[in-house]
Amino acid sequence: NMIHVWSNAGRPDIAENIFRRMKAKYQKNLAKDPRQQEQQPNRSTLQPTSHSYRRIIHAWTAIPYNANCPYNPERAERLLLEMYHWFKSGENDKICPFPECFRSVAQAWQELAATRPNGGEQQRQFRKRAEYILSLQRDLPQLSSASPVK
């Protein structure tokens, strides 16, 4: 699919844009008739899945930090939190965060922290973000027991 293609091409911005449009269309259709999922299974192709989230999160975290694109961890975290909240709420049964998503977002924050002066406020903030992300994974027992955070 196009999300996969653009994510692999190193263009998470385009992949995320496609994903957001797909998700909006799915939610619009679902708002019109919540039974549409059961009545028209082919419409479920618009439904966001853990795999689509994972691909985009991985694409954002795979881009090395540089001054031209400093928001990679933030963008990846935003998607992870969205997926996390959907999972916790039970609104979408196709969403279950992969443990690797938590690890890759935390790693992206750690790598960004490493670009800052030792002991600096930004470095501390970025490391706190990484710790927070890993705490979210520990908050989901079904994920933590399946693949413990190391």
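Just above, that's the structure.
Residues numbered from 1 in each chain as written. Predicted model: local features only at pLDDT ≥ 70, side-chain atom pairs only at ≥ 80, totals over all residues. Heavy atoms only, no water.

Visitor: Honestly, the packing of aromatic side chains in this entry has me stumped. Any pointers?
Guide: Ring pairs (aromatic) are described by centroid distance and by the angle formed between their planes. Counted according to the given criterion, the structure contains three aromatic pairs. In this structure, Arg-54 packs its charged tip against the face of Phe-98, placed 4.3 Å from the ring centre. (Phe/Tyr/Trp six-rings, centres within 6.5 Å; stacked < 30°, edge-to-face > 60°. Lys NZ or Arg CZ within 6 Å of the ring centre and 35° of its normal.)

Visitor: How should the nonpolar core be read in this particular structure?
Guide: Grouped burial of nonpolar side chains is what soluble globular proteins tend to show. Within the largest apolar cluster, 30 residues are counted, with the highest numbers of intra-cluster contacts made by Ile-57, Leu-80 and Ile-133. Those elements giving two or more residues to this core turn out to be helix H2 (12-32), helix H4 (50-62), helix H5 (72-89), helix H6 (99-114) and helix H7 (121-139). Residue contributions to this core peak at eight residues, all from H5. If we skip the residues at most four places from it in the chain, Leu-80 touches Ile-57, Cys-101, Phe-102, Val-105 and Ile-133. (Core = buried A, V, L, I, M, F, W, Y, C linked by side-chain atoms within 4.5 Å. Buried < 20%, exposed > 50% of the residue type's maximum accessible area, 1.4 Å probe, protein only. Helix = DSSP H or I, 4+ residues; strand = E, 2+ residues; numbered from the N terminus. Contact = heavy atoms within 4.5 Å.)

Visitor: Help me understand the environment of Thr-115 in this model?
Guide: Secondary-structure assignment places Thr-115 in the loop between H6 and H7. When its relative accessible area of 39% is taken as the criterion, Thr-115 is described as partly exposed. One polar contact links the side chain of Thr-115 to the main-chain carbonyl oxygen of Leu-112, over a distance of 2.6 Å. (Polar contact = N/O pair within 3.5 Å; in protein donor to acceptor, adjacent residues only side chain to side chain.)

Visitor: How do you make sense of H5 when you look at a structure like this?
Guide: Counting along an α-helix, one turn takes 3.6 residues, and residues three or four places apart therefore face a common direction. Look at H5: 26 Å from first C-alpha to last across 18 residues, which is about the 26 Å you get at 1.5 Å a residue. Those residues of H5 that sit buried are Asn-72, Pro-73, Ala-76, Glu-77, Leu-79, Leu-80, Leu-81, Glu-82, Met-83, Tyr-84, Trp-86 and Phe-87. (Expected span 1.5 Å × (residues − 1).)

Visitor: Got a minute to help me understand the side chain of Ser-50 in this structure?
Guide: By the element assignment, Ser-50 lies in helix H4. Apart from the residues within four sequence positions on either side, Ser-50 is in contact with Met-83, Lys-94, Ile-95, Cys-96, Pro-97 and Phe-98.

Visitor: Before we go on, may I ask you to explain the pattern of salt bridges in this structure?
Guide: Any two side chains of opposite charge can pair, on the condition that their charged atoms come close. Scanning all chains against the criterion turns up 10 salt bridges. Put simply, Arg-11 and Asp-13 hold a salt bridge, and the shortest N to O gap is 2.6 Å. We classify Asp-13 as partly exposed; its relative accessible area is 30%. Across the pair Glu-77 and Arg-129 runs a salt bridge whose closest N-O atoms are separated by 2.0 Å. Note that Glu-77 is positioned in helix H5 and Arg-129 in helix H7, a separation of 52 residues in sequence. Sharing partners across several salt bridges, the network here consists of Glu-16, Arg-20, Lys-23, Arg-75, Arg-78 and Glu-82. (Salt bridge = Lys/Arg side-chain N within 4 Å of Asp/Glu carboxyl O.)

The quantities given are spatial measurements derived from coordinates; they are silent on function.
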